[in-house]
Amino acid sequence: MAAPKVISVEELFAPPARASASISPDGTKIAYLAPWENKLNVWVESVHGCGTDARRVTAENRNLLSYHWTDNPRWLLYTRDQGGDENRHLYRVDLEDPDAAAVDLTPFPGARVTDLQLPVSQRGKAVFSLNHRDPAAFDLVELDIATGELRTVAENTGGAATAFIHGGVGHHIKVGVNNEGDWQLSIWNEATKSFRHVAEFTGADHPLGVYPLEVADDYNGIVIGSYRDTDRLRLTRLDIATGTETEIDSHPSYDLDTRSRVFPALPAPLIHSRRTGQIIGVRYLGERQVIHALEPNFAEVLAKVTSLSDGDLSHISSDESEQKWVVSFSHDRDPGVTYFYDHTTGKSRLLFRPRGELDPEQLAPMKPMTILARDGLPLPAHLTLPVGIESRQLPLVLLVHGGPWDRDSWGFNPLVQLLANRGYVVLQVNFRSSTGYGKSFMQAGIGELAGKMHDDLIDGVNWAIEMGYADPSRVAIMGASYGGYAALVGVTFTPDVFAAAVDIFGISDLASFMRNQPAFVRPALASNWTLWAGDPDDPEQETDMQTRSPINRMNKVTTPLLIAQGANDARVAQSEADNVVQALRVRGIPVEYILMKDEGHSVETPENTIALLHAIERFLSRHLGSARDEM
């Protein structure tokens, strides 16, 4: 086909018309996110209203990422932070009082809500972790949703590395990390009013913590995602009396889909019954998603709803009768398409397409594939080629995911589509340490920052060149967070490979980065950053960390660089970017610096997103050219 029309940055990155729909527990209403004054807010309409009675119920000046129905359809809950500082407060919306403003239920300066749960067994309650008493320690707190009354269920006396998981009255789980980085699980004993040790899990197996993790329905076990005796993350039941594990479910080739551990707005690995709270489905992710149904009625529903789209089932919700369902799909070219399904009648109807203005035929397919690293390790990757342009000797953008304990996966990515639409080949390589490809693949990156983890990216570039897709003189590297670090490594360790680089929230000094983490995060670094990168308090290890830190190799940089940073970033301090910019400008190396005063470790404000993407678009065009310009 001919090259597609130029799709504007605004079309790709403006807030969706609608997104994240879910049905109320009584089955009468549908809530969703939609723009108000260009910011995503919560709207509600009746199930059969088809938008005619839609009304906005929040008025936030930052995008809302998610919300939660409670068991009482009068109340909705949501969280938001303050200017990107990640200190998320919990808010309540009263749907019976349209004039009432949302109520901040955790109005404590500097405090944040994590691990929000709405247990079926405790109607009218919400349970979450909150550090209002001590910024370095999260207590387990119970909220009466109607009154706003807070009650501390378990006070954290174990220090910053301790977290709690609610498990019903008297059945809470305590999780802590020891000095070696291993995770220790304990269960609350109601008789002795104390926690009892149950099991320990190797930190290198679970760098971000044991997940999923919840109390079993009979209260005599813990449901966990486990790598014990296998290279694949499977779902098991840990007996709290004996400490033995029994498999609940697994996939022979895929890990549990744990992306929501990093991005809570993504679907969780476990699908629960709205009525009973029991696990009825389990998600696995390889090249594409697989869902195993654990309950017959859900198996019937799953077969029906998955036939509605050739995408991967994303968000799914039901009323308490589990007859009315709202489902959405992940898709590389038809993102977020959402349906209502009535299991009683077997009928369904399209609710909306979040980005209906985009023509799927004009968008570029994302192709999963495997690339061999120089040491023979298979590297899962995704290749996106421009539509309507011969895929020969094109400029290439190597797009590196964050984490590093995360992964790229198939689906709609507006940045990928923007780049492909402008005539760039886009390559995403799941380098060693990416999660979701087995324990051994993840652990192959230990000690390999700026080493084999970077070699994997270069091997991906070389593969694209050898295949004839990429022009070796026009290759850029781009990424955010760890991906930003990878971009800086690219221009300091392999400067001859790249003609341009974009670093967003990237780490430039590993030791400084680790020392600047919030107090409640630092102890947990023993299970991830300390294992992978080193201990900055050990002089010998810090020396090695400095050799892997781009800030100490600024004299190697010859590549034009664009850097973007949030001033309120709680994870990667602004100084990480400031120091790079200062070092390069002293040497006269071209560097464009975008400092966003009202952002943290992500770009959430639409105006900032649009401005940043226009800057990236101009930057790449200036330094790589565009295949569109050559037609």
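Above this text sits the structure in question.
Residues numbered from 1 in each chain as written. Predicted model: local features only at pLDDT ≥ 70, side-chain atom pairs only at ≥ 80, totals over all residues. Heavy atoms only, no water.

Visitor: Please clarify how empty space enclosed by the protein should be interpreted in this entry.
Guide: Summary: where empty space remains is shown by rolling a probe the size of a single water molecule over the atoms. In this structure the tally under the stated criterion is three cavities of 30 Å³ or more. Computed from the structure, the largest cavity encloses a volume of approximately 210 Å³. Leu-208, Gly-209, Leu-233, Thr-258 and Thr-435 are the residues nearest the centre of the largest cavity, which is lined by 19 residues in total. Of the residues that constitute the lining of the largest cavity, the class distribution is nine nonpolar, five polar and five charged. (1 Å grid on protein atoms, 1.4 Å probe; cavity = no way out; pocket = protein on both sides within 12 Å on 5 of 7 lines; lining within 4 Å. Points joined across faces, edges and corners; volume = space filled by probe spheres on them. Nonpolar A, V, L, I, M, F, W, Y, C, P; charged D, E, K, R; others polar.)

Visitor: Can you walk me through the sheet that holds strand β11 (residues 137-144) in this structure?
Guide: Strand order across the open sheet formed by four strands is β9-β10-β11-β12, with antiparallel pairing between neighbours. Each edge of the open sheet is held by one strand with a lone partner, namely β9 (113-117) and β12 (150-154). Averaged over all neighbouring strand pairs, the angle between strand axes comes to 35°, with direction disregarded. Sheet topology places strand β10 (residues 125-134) next to β11; seven bridges connect them, and they run antiparallel. Counterpart to Phe-128 in the pairing with β11 is Val-141. (Pairing = 2+ DSSP bridges. Helix = DSSP H or I, 4+ residues; strand = E, 2+ residues; numbered from the N terminus. Axes fitted to C-alpha atoms, helices over the stretch in contact; angles between N-to-C directions.)

Visitor: Would you mind going over the pattern of salt bridges with me for this structure?
Guide: Under the criterion given, the structure shown has 35 salt bridges. In this structure, Arg-123 and Glu-320 form a salt bridge, with 3.5 Å as the shortest nitrogen-oxygen distance. Residue Arg-123 is located in the loop between β9 and β10, and its partner Glu-320 is located in the loop between β25 (312-318) and β26 (324-330); the two are separated by 197 residues in the primary sequence. We classify Glu-320 as partly exposed; its relative accessible area is 27%. Glu-245 is the salt-bridge partner of Arg-228, the closest N and O atoms lying 3.1 Å from each other. You can see Arg-228 sitting in the loop between β18 (221-226) and β19 (234-239) and its partner Glu-245 sitting in strand β20 (residues 245-249), a full 17 residues away along the chain. (Salt bridge = Lys/Arg side-chain N within 4 Å of Asp/Glu carboxyl O. Buried < 20%, exposed > 50% of the residue type's maximum accessible area, 1.4 Å probe, protein only.)

Visitor: Any chance you could explain unusual backbone geometry here in plain terms?
Guide: Pro-212 follows Tyr-211 through a cis peptide bond whose omega is -5°. That bond from Gly-403 to Pro-404 is cis: its omega, 10°, falls within 30 degrees of zero. Here Pro-404 shows up in the loop between β31 (394-400) and α3 (414-421). The phi angle at Gln-393 is positive, at roughly 55°, despite the residue not being glycine.

Visitor: I would appreciate a short explanation of the packing of helix α5 (residues 452-466) against helix α6 (residues 482-493) in the present structure.
Guide: Packed helices, taken two at a time, are described by the angle their axes make and the gap between the axes. Where α5 meets α6, the axes come as close as 11 Å, and the angle between the chain directions of the two elements is 75°. Taken as axis vectors, α5 and α6 run roughly perpendicular relative to one another. Here α5 contributes Met-453, His-454 and Leu-457 to the contact with α6, which in turn contributes Tyr-482, Ala-486, Val-489 and Gly-490. Among the residues forming the contact of α5 with α6, the class breakdown is five nonpolar, two polar and no charged. (Parallel < 35°, antiparallel > 145°, perpendicular 65-115°, else oblique. Contact = heavy atoms within 4.5 Å.)

Visitor: How should the sheet that holds strand β5 (residues 68-69) be read in this particular structure?
Guide: Two strands in a sheet stick together by hydrogen bonds in their backbones, pointing the same way (parallel) or opposite ways (antiparallel). One open sheet accounts for four strands, arranged β5-β6-β7-β8; its pairing is antiparallel. Strands at the two margins of the open sheet, each flanked by one partner only, are β5 and β8 (103-104).

Visitor: Explanation requested: the pairing of strand β3 (residues 39-46) in the structure shown.
Guide: Residues in a regular strand project their side chains so that they alternate between the two faces of the sheet. Where burial is concerned, most of β3 is hidden: seven out of the eight residues are buried. Counting the residues in the hairpin turn of strand β2 (residues 29-36) and β3 gives two residues, including Glu-37, whose phi is positive at 50°. Bridge count between β3 and strand β4 (residues 55-56): two bridges; the pairing is antiparallel. Note on β4: the bridge partner recorded for Trp-43 is Arg-56.

Visitor: I tried to follow the pairing of β12 on my own but got confused; where do I start?
Guide: As judged from the four bridges shared by β11 and β12, these two strands associate in the antiparallel manner. Its bridge partner being in β12, Glu-142 is matched across the sheet by Arg-151.

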